[in-house]
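Secondary and tertiary structure notes
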Amino acid sequence: MQEIRAKVVLIGSIGVGKTSLVERFVHQKFSNNYLSSIGVRVDSKEVVLPEAKVKLLIWDLAGEIYLSNQYHKYLLGSAGAILVYDITRPDTYDSIQSVTDAINEEYSKISLVTVANKADLQEDPQFKDYISEEHQCDFMTSAKTGENVEMVFQKLAQGIFENSSKLKA
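All of these numbers come straight from a predicted model, not from anything done at the bench.

Some thoughts on the overall build of the protein
Each helix and strand in the protein was counted, giving five helices and six strands. Starting at the N terminus and ending at the C terminus, the protein contains elements arranged as β-α-β-β-α-α-β-α-β-β-α. Computed over C-alpha atoms, the radius of gyration of the protein comes to 15 Å, within 12% of the 15 Å expected from 2.2 N^0.38 for 169 residues, which places it in the range of a compact globule. Dimensions of the protein, computed from C-alpha atoms along their principal axes, come out at roughly 50 × 30 × 30 Å. Put simply, the protein has 169 residues, and 47% of those count as buried. Once local pairs closer than 6 in sequence are excluded, the contacts in the protein between residues at least 24 apart make up 71%. Roughly 8800 Å² of accessible area belongs to the protein as shown, and the carbon and sulfur atoms make up 50% of that amount. The centroid of the 18 positive side-chain charges in the protein is displaced by 9 Å from the centroid of its 23 negative side-chain charges.

This is the structure in structure tokens:
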């Protein structure tokens, strides 16, 4: 079975849940205690596909890196990126769209997945007015409940595998 090691970068604004998604995926944990990431945190986990094992080296970038437009430096050598926005904060969706366009233009070989996080708050009356049905994503996730978190990383690993197969052909 083929084995692939791949750098993956999580990109998104402060407080969208990037670290919580990684914690849920790698450690099957969630904490309500919010601690803002500082710099870059790297975790790893292997995803087993029918065709290959993909070891993901997951770079969780602090929101400040994203806001200061420094995320480009971290995309170098990346095979994948997860773009995360918070469904209760429409501005986080708007800003992630320009990042998607830039990555597609400059880094066409990177497998991308867009995630709308905090799906568990969809029915919360406090946030109902902020959530737009028009916002597009690959997955609605909840780091809190675990909804679709595994699927995000599975899809990303599959995209990375397919891109690596194209490079070898």
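Comments concerning the pairing of strand β4 (residues 80-86)
The buried fraction of β4 is high, at seven of seven residues. Neither face of β4 is open: one carries G80, I82, V84 and D86, the other A81, L83 and Y85, and all of them are buried. Pairing analysis gives five bridges linking strand β1 (residues 2-12) to β4, with the strands arranged parallel. Within β4, the position partnered with V8 by the bridge is G80. Sheet analysis places β4 next to strand β5 (residues 111-117), joined by seven bridges and oriented parallel. Bridged to Y85 within β5 is A116. At this point the chain moves from β4, through helix α4 (residues 90-106), to the parallel β5, and the crossover so formed is right-handed.

Here we look at the nonpolar core
In this structure, F25, V54, L56, I58, I82, F153 and I160 are the most contacted members of the largest nonpolar core, which totals 28 residues. Where this core is concerned, the elements lending two or more residues are β1, α1 (18-27), β3 (52-61), β4, β5 and α5 (149-168). At seven residues, α5 tops the list of elements feeding residues into this core. Apart from the residues within four sequence positions on either side, L56 is in contact with A6, V8, F25, D43, S44, K45, V47, F153 and I160.

The rules we used
- Residues numbered from 1 in each chain as written.
- Predicted model: local features only at pLDDT ≥ 70, side-chain atom pairs only at ≥ 80, totals over all residues.
- Heavy atoms only, no water.
- Helix = DSSP H or I, 4+ residues; strand = E, 2+ residues; numbered from the N terminus.
- Rg over C-alpha atoms; globule rule 2.2 N^0.38 Å.
- Buried < 20%, exposed > 50% of the residue type's maximum accessible area, 1.4 Å probe, protein only.
- Contact = heavy atoms within 4.5 Å.
- Areas by Shrake-Rupley, 256 points an atom, 1.4 Å probe, with all protein chains shown as cover.
- Lys, Arg positive; Asp, Glu negative; His and termini not counted.
- Charge placed at Lys NZ, Arg CZ, Asp CG, Glu CD.
- Pairing = 2+ DSSP bridges.
- Right-handed = clockwise from strand over helix to strand, strands pointing away.
- Core = buried A, V, L, I, M, F, W, Y, C linked by side-chain atoms within 4.5 Å.

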